[in-house]
Amino acid sequence: MGCDITLFCEGYINNKWINIDRWYRRDGWADYMVTENEGFGYTDLINGYRDYGLFYLLAGIRGNDNEESYSPIARAKGLPGNMDSLIKKYYENFYEINFENENINFHHPSYLTLREIKDSGYADVMPLQGWVEEHEFNKAVDLIKNGQEYQLHFVDKKSKVIQHQGMVLREWDGYLNLNLTHMKKQMEQLIKERGIENDDEIRIVFWFDN
């Protein structure tokens, strides 16, 4: 069964967390008057990708702790109590389920600040190690040295599945997950656009469904 993610971005503005990538509030408008089609265009922080590598880094799902060298940024923490009311309403209306009662279709809700993402180092060029195809490895090293973003496919050295036959074990400086890299950049842009003060005052709120 496939797994997908639903993800929103919140900013701490005027002493409360509000959604900043999908809806906006006009001064004096009640939250319930704001609709999906009223406001700025939707900013997709993950471009709709079903990226299980990203899902593991965000919340520790769709991965095996015994076979992963790079631990999740955080285990699923549940949804923040002070989350945007529209995001909560969106979920409850769409899925017709209460946030407090997790089921097989809705699971591992969590949130991460931009500071947590940055502190992990996973969104930047970092030291990596794994089993790779040698010709792809050489290509990746050259591209990254020239300032290009390139994610080299590799088999984790801890993997117990025999899928690295014909591959070589290498170390290099590269990108662990470019979807996470692009998400960080989108959040940095939203900080500028919304006048948010620091990396602790912008976060992603997300959950998974099967």
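Residues numbered from 1 in each chain as written. Predicted model: local features only at pLDDT ≥ 70, side-chain atom pairs only at ≥ 80, totals over all residues. Heavy atoms only, no water.

A. Region of interest: the side chain of E10. Examined against the element boundaries, E10 turns out to sit in strand β1 (residues 4-13). A distance of 2.6 Å separates a polar side-chain atom of E10 from the backbone nitrogen of D84. Of note is the side chain of E10, whose polar atom sits 2.6 Å from the side chain of R203. Not counting the four nearest positions on each side in its chain, E10 is found in contact with W17, I18, N19, I20, M83, D84, I87, E201, I202, R203 and V205. (Helix = DSSP H or I, 4+ residues; strand = E, 2+ residues; numbered from the N terminus. Polar contact = N/O pair within 3.5 Å; in protein donor to acceptor, adjacent residues only side chain to side chain. Contact = heavy atoms within 4.5 Å.)

B. Fine view of the sheet that holds strand β3 (residues 106-113). Reading across from one edge, β2-β1-β7-β3 is the order of the four strands in this open sheet, with antiparallel pairing throughout. Each having just a single partner strand, β2 (16-19) and β3 make up the two edges of the open sheet. Adjacent strand axes in the sheet meet at a mean angle of 25°, parallel and antiparallel pairs treated alike. Pairing between β1 and strand β7 (residues 202-209): eight bridges, direction antiparallel. (Pairing = 2+ DSSP bridges. Axes fitted to C-alpha atoms, helices over the stretch in contact; angles between N-to-C directions.)

C. Expanded view of unusual backbone geometry. Of note, N14 is a non-glycine position whose phi angle comes to about 55°, a positive value. Structurally, N14 is set in the loop between β1 and β2. Residue N14 is classed as exposed on the basis of its relative accessible area of 72%. Phi is positive for N15, close to 65°, though the residue is something other than glycine. (Buried < 20%, exposed > 50% of the residue type's maximum accessible area, 1.4 Å probe, protein only.)

D. Region of the structure containing the sheet that holds strand β4 (residues 126-132). Read from one edge to the other, the open sheet built from three strands follows the order β5-β4-β6, with strand pairing classed as antiparallel. Each end of this open sheet is capped by a strand with a single partner; those strands are β5 (155-156) and β6 (168-174). Across the sheet, helix α4 (residues 134-145) touches β4 and β6, and the angle it forms with β6 is around 15°.

E. Representation of the pattern of salt bridges. In the structure shown here, the tally under the stated rule is nine salt bridges. In this structure, E188 and K118 form a salt bridge, with 3.3 Å as the shortest nitrogen-oxygen distance. Note that E188 is positioned in helix α5 (residues 178-194) and K118 in helix α3 (residues 114-120), a separation of 70 residues in sequence. For E188, a relative accessible area of 26% translates into the label partly exposed. (Salt bridge = Lys/Arg side-chain N within 4 Å of Asp/Glu carboxyl O.)

F. Structural view of α4. With twelve residues, α4 extends 17 Å between its outermost C-alpha atoms, agreeing within 8% with the 16 Å of an ideal straight helix rising 1.5 Å per residue. Of all the residues in α4, the buried ones are F137, A140, L143 and I144. Take α4 and look down its axis: the buried residues cluster within an arc of 135°, on one side only. Opposite the buried face of α4, by more than 90 degrees, sit the exposed residues H135 and K145. (Expected span 1.5 Å × (residues − 1). Arc of directions from axis to C-beta.)

G. Spatial organisation of the confidence of the model for the protein chain. Summarising the model, the protein chain shows a mean pLDDT of 83, and 77% of its residues fall at 70 or more. Mean pLDDT across the secondary structure elements of the protein chain bottoms out at helix α2 (residues 85-95), with 72, and peaks at α3, with 98. (pLDDT = per-residue confidence, 0-100.)

H. Quick peek at the pairing of β7. Of all eight residues in β7, eight are buried, a share of seventy percent or more. Neither face of β7 is exposed, since I202, I204, F206 and F208 on one face and R203, V205, W207 and D209 on the opposite face are all buried. The pairing of β3 with β7 spans six bridges and is antiparallel. Bridge pairing in β7 places L112 opposite I204.

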